[in-house]
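Each chain is listed here by its residues.
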Amino acid sequence: MRSFEIFVDTESRRGRPAVGLEPESTPAPKKRTAAPSSPPREVLDIFIQGTNVTATVDERHATCVLRDLGAALATLLSTPRGKAIVRFYDDAWELAVERFGKTALLSVYRAGAEPKVLVHERPVVFDEVRQGVVEALSRALASPDSPASRRGELEAVERLLLDTKDRGAHEEVPLPRTENVIVEIDKDAPISLAAEFFLRQAEKDAPKSSRDGEARVERADLHALLFRGRMRAEIRGRAVELGEAPPFLVAERLVELAKNALGSWERGQDFHVRSNAGGMLLGLRLSGAASGEESVALVLGSAKVERGHDRALYTFPSLGLSDVAEAALAFGRSLVRALLRRDRSQAENLRLSAFRQKLKETEEILREARKTDSFVNPSPESYRAYAQGAQAPKPGATPPSRLRYAPKWRALVPGIDLRGTFLCGDRLIVGSALEMACLDRQTGRMLWKTPTSRATSVVTPTGVARVAPDGEVSVHDFGTGEVTLRTWVAPRTAGPQAGCVVSAPGLPRLLVVTEGERHLVALDLLSGEPRWRYAWGKTAGALRLKRSGKLLYVATGDTSLTALDVATGAVVWRMRDRLRFRTSPTIDTHDLYALSGAVHGAGQLSIVDPFSGEVRSRRALPGVVTVEGSPLVTNESVILTLRERDGLRLLGLDRTTAEVRFDTKSTVAPVGTSWLPVDDLLVGNTPDGHLLAVSGETGAVRYRHALGVTHESDTPRRLEPVLRSGALFVPHVDVHVFRPQDGAKLGVVGPCDAIPDLMRIDERCDVYVAEESGHVAAFGAGPRLSLVR
């Protein structure tokens, strides 16, 4: 019996030779009788020392695998020592052939996220492997079912195997020497894993890894990491033997479980996963995450059940999640050090590089979860006094009884950039793909235009600032469009630009923008020089900024909310929570409302002193929820919009104590509704053409108006209602005007002819709308009658 045989046929799986039988003694299987229209189904059988190792592998491109295996063997014929990996096509299976003179070591395994090893380094005679492949090629060429498109390739590989001289047939090449490696138990850690295994010693004549500056190719080689060893664990003083398994696969899977469990813990969700890592069963259960009283159970043991013996499984309850994660990281780091110390070429193994990156990411998440750097501002008086002076009460505007509109002018701007279009005093700045133009808001006459490239625009007191993708910051003068200031910052590639403008009495004129991946920089709008630069940790989501008075509130998507002094960049206070801050905080008078978590998981609302950072009250949201947007503050309540399957429901909490005031239970508006708090009401403009107002005290719908049925493509891109001079402007196909308190309709701006994807209102209630297609229109409010006493 040969040590290696390979068969490619069109037989059915049911007719395959049984596992463990010699192919010589097995009768030829019967052909499947397929319909004339269906192509024959290829089947691949590889016998190693009489065992069909691919009996469970479903491979429909068997001739392609045979072709690749033949080409790999032809390459190995030119050297007495070498390695080749043949990858299958229908699944992530791989066949590794490693030659040592007359001997070949064969391995069959599945790569990917869940590896499975069928055969590892089984020794066979190399010449028998070559002969078996040549015979399989001959049978495939002789078969009438062989694909005609591949016959030329199969013939070329067969000739190559027959004609190539075997240069290592008569050389005695010893198998590689191995070294015993032991990863010891850490007696000081509450949870520790250990392993004892044999690693190959690096040969002196083996190719070294590429030096700096030289071209190199990194490849994924899971085969080099499939070494087996004895596994042990010691948890809270209890030592257990876990049997044999590939230590790398165990470490890889355990780190993945720890990383996912930490992510679930941050979201306030329970976690329960079991998986097989090379014959070892790993399980991790996290419960009580939503309540903050989490408990972790770890399951370790053999995944195989031996005949006559029970499966050895060990469950360790009431563990700490950080201890489990630290044990997984420590074991993974020890394995990586042992591998690289003995074979530096593994630094170019993509599978090992991916594992090292996962170790860094998990370590960063664990470090973030362990941070306790919250602190309050002991001297908030100066910030509070400035905010009180800046928030002087303004006289309330009396809404008009009726508004009539007439068209003023129209314009067409090809390639309009709605995010770069602003109403600035008596001018309308319109951005586009190739230029920026300034229009007189009364007549629509073009005052100037200047060529520009793609950039993020923002209005400053000195002009329109544009931040280009390459980091160039330029400020264009309102009057002429000329560049009055130009400077540079490090470009940002990992997300959109974020920033704010500082221009209040008693404060320097600054433009605060993101720089690079982890920095905020404040640029002086007079000199262009940076005033300060703030660095944060790794961003876990979109950067959110909110400025109020002398403070800039920064949420980077992690578990912290930080307040910075806008003049100096100093950290004034920091609040840290278990859940992540993913939205901008809402600031109203003397309270800051910050929402953490609440992305299909646990959520929590914190009421904070905006000047000292002292937490006044907290409220955990009931159940698993998803909150849309930032908290909405009315006179009596802070309202959260919770996404349900069929729309949005509202949850109202007391502004001071965070006690629940109302819960609508059922949905009141569809997803995508834009909300605006107006005194004691919450007004919403829905994408299906309705305007509704909800009471901030009870959650009852005060009024609802149908704006008209419209096609989905005609829905404005931005639905935010605008409150100006006591009137509420609502974008729809046209712009509708209402009195917010009772919902009385004051007028309609239109027909617009342009969908109000962007809407701007000036102090005289004149309306300016712009559509994505480039159409811009202006409408003037007619004369209004007023009672003279």
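Details of the structure are given in the entry above.
Mapped onto the elements of the fold, Ser 432 is located in strand S18 (residues 427–432). Polar contacts involving the side chain of Ser 432 include one to the main-chain carbonyl oxygen of Glu 435, which spans 2.6 Å.

Phi at Ala 658 is positive, roughly 65 degrees, even though this residue is not glycine. Along the chain, Ala 658 turns up in the loop between strand S40 (647–654) and strand S41 (660–663). You will see that Ser 725, though not glycine, has its phi angle at about 55 degrees, which is positive. The topology assignment puts Ser 725 in the loop between strand S46 (722–724) and strand S47 (727–731).

A few words on the packing of aromatic side chains. Under the definition given, this model contains 4 aromatic pairs. Centroid distance Phe 7 to Phe 47: 5.8 Å. Interplanar angle 90 degrees. Geometry classified as edge-to-face. One end of the pair, Phe 7, is in strand S1 (residues 4–9); the other, Phe 47, is in strand S2 (residues 43–48), with 40 residues separating them in the sequence. Overall, the relative accessible area of 2% leaves Phe 47 in the buried class. Of note, Arg 99 hangs over the ring of Phe 126, and the distance from its end group to the ring centre comes to 4.0 Å.

Turning to its location among the elements, Val 458 is positioned in strand S21 (residues 456–460). Put simply, Val 458 and Val 501 are 43 residues apart on the chain and 8.2 Å apart in space, counted from C-alpha to C-alpha. Residues contacting Val 458, with those up to four places away along its chain left out, are Phe 422, Gly 463, Val 464, Ala 465, Val 501 and Leu 511.

This part covers the sheet that holds strand S38 (residues 625–633). Read from one edge of the open sheet, 5 strands run S35-S38-S39-S40-S41, paired in antiparallel fashion. Of all strands in the sheet, those with a lone pairing partner are strand S35 (599–601) and S41, marking the two edges. For this sheet, the mean angle separating the axes of adjacent strands, direction not counted, is 35 degrees. Pairing of S38 with strand S39 (residues 637–644) involves 4 bridges; the strand directions are antiparallel. Across the sheet, Glu 628 pairs through a bridge with Thr 641, a residue of S39.

Conventions adopted
Throughout this description, residue numbers start from 1 for each chain and increase along the sequence as written. Only residues with pLDDT of at least 70 are given local features in this predicted model, and only at 80 or more are side-chain atom pairs given and counted; all residues enter the totals for whole chains, interfaces and linings. No hydrogens and no water enter the side-chain calculation; it runs on all heavy atoms of the structure. Runs of E in the DSSP output that reach at least two residues are strands. Runs of H or I that reach at least four are helices, and both are numbered from the N terminus. Counted as a polar contact is a pair of N or O atoms within 3.5 Å, where, for protein atoms, one must be capable of donating a hydrogen and the other of accepting one, and residues adjacent in sequence contribute only when both atoms are in side chains. Note on aromatic contacts: the rings of Phe and Tyr and the six-membered ring of Trp form a pair at centre separations within 6.5 Å, being stacked when their planes are under 30 degrees apart, edge-to-face when over 60 apart, and tilted otherwise. Three exposure classes are used, based on accessible area relative to the maximum for each residue type with a 1.4 Å probe and protein chains only: buried under 20%, partly exposed in between, and exposed over 50%. Only Lys NZ and Arg CZ are tested; either one counts as a charge over a ring when it is within 6 Å of the ring centre and within 35 degrees of the ring normal. The contact rule is simple, with two residues in contact once any of their heavy atoms fall within 4.5 Å. The criterion for strand pairing is that DSSP finds at least two bridges linking the strands in question. To obtain each axis, a line is fitted to C-alpha atoms, and for helices this fit is confined to the stretch in contact; angles are then taken between N-to-C directions over 0 to 180 degrees.

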